[in-house]
Amino acid sequence: MEFTIQDGLIDRINDCDAYNCEYMQVSVNAKTGEIFGDFHCSLGVNEITRYHDPDIITVAMLGDRTSPASGHYGNIYAVKGLYGYDNPEDNLIEAAEFVIEEHKEREYWRK
């Protein structure tokens, strides 16, 4: 599968200000390979975008200085070093591949 990253996603992640509770929910469409993000600002209540399309899977909650969310990766700098690539784009693709495979395995065992 060929992955595409939404234009400006890395910059939007880096522009999130943890001190203002900003973060991006990064998701992947398992059918098309599109990696995209939804902006959130959590003021006492963690926000998340829920998609009713089973092909859309959350990859991570990311921001400039956010700590790791439960079950997700931390910030873009952590993702940068996660798989040893020098650029965050390759790491987001690797993370997307990982969660898609994990999702398929989970669905297999539910049958």
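Residues numbered from 1 in each chain as written. Predicted model: local features only at pLDDT ≥ 70, side-chain atom pairs only at ≥ 80, totals over all residues. Heavy atoms only, no water.

Let us now look at the packing of aromatic side chains. Tallying each qualifying case throughout the model produces 1 aromatic pair. When the centroid spacing of 5.8 Å and the interplanar angle of 90° are considered together, the rings of Phe-36 and Tyr-51 count as edge-to-face. Residue Phe-36 is found in strand 3 (residues 34–41), and its partner Tyr-51 is found in the loop between strand 3 and strand 4 (56–62); the two are separated by 15 residues along the sequence. Take Phe-36: its relative accessible area is 10%, and that puts it in the buried class. (Phe/Tyr/Trp six-rings, centres within 6.5 Å; stacked < 30°, edge-to-face > 60°. Helix = DSSP H or I, 4+ residues; strand = E, 2+ residues; numbered from the N terminus. Buried < 20%, exposed > 50% of the residue type's maximum accessible area, 1.4 Å probe, protein only.)

Before going further, it helps to examine the pattern of salt bridges. Going through the model one piece at a time under the given rule, you end up with 3 salt bridges. A salt bridge links Glu-101 to Lys-104; its shortest N-O distance comes to 3.6 Å. Taken together, the residues Glu-101 and Lys-104, both in helix 3 (residues 88–110) and 3 residues apart, mark about one turn of the helix. You can call Glu-101 partly exposed: its relative accessible area is 48%. Its salt-bridge partner being Glu-102, residue Arg-106 comes within 3.1 Å of it at the nearest N-O pair. Of this pair, Arg-106 and Glu-102 both sit in helix 3, 4 residues apart, which is roughly one turn of that helix. (Salt bridge = Lys/Arg side-chain N within 4 Å of Asp/Glu carboxyl O.)

Let us look at the confidence of the model for the protein chain. Chain-level statistics for the protein chain give a pLDDT mean of 77 and a share of 77% at 70 or above. No element of the protein chain has a lower mean pLDDT than helix 2 (residues 76–82), at 46, and none a higher one than strand 1 (residues 4–5), at 94. With pLDDT under 50 throughout, residues 66–78 is counted as low confidence; its partners more than four residues away or in other chains account for 38 contacts. Contacts from residues 80–84, a stretch scored under 50 in pLDDT, to residues over four places away or in other chains number 11 contacts. (pLDDT = per-residue confidence, 0-100. Contact = heavy atoms within 4.5 Å.)

To continue, consider the sheet that holds strand 3. Taken together, the 4 strands give an open sheet; going across it, the order is 1-3-2-4, and neighbouring strands pair in mixed fashion. Where the open sheet ends on each side, the last strands, each with one partner, are strand 1 and strand 4. Where strand 2 (residues 22–29) and strand 3 come together, 7 bridges link them in antiparallel fashion. Within strand 3, the residue paired with Met-24 across the bridge is Phe-39. (Pairing = 2+ DSSP bridges.)

On to the state of the cysteines. By the definition in use, this model includes 0 disulfides. For the unlinked cysteine Cys-21, the closest cysteine sulfur is that of Cys-41, found at 5.8 Å. Given a relative accessible area of 31%, Cys-21 falls into the partly exposed group. Relative accessible area serves as the criterion here: at 25%, Cys-41 is assigned to the partly exposed category. (Disulfide = S-S within 2.5 Å.)

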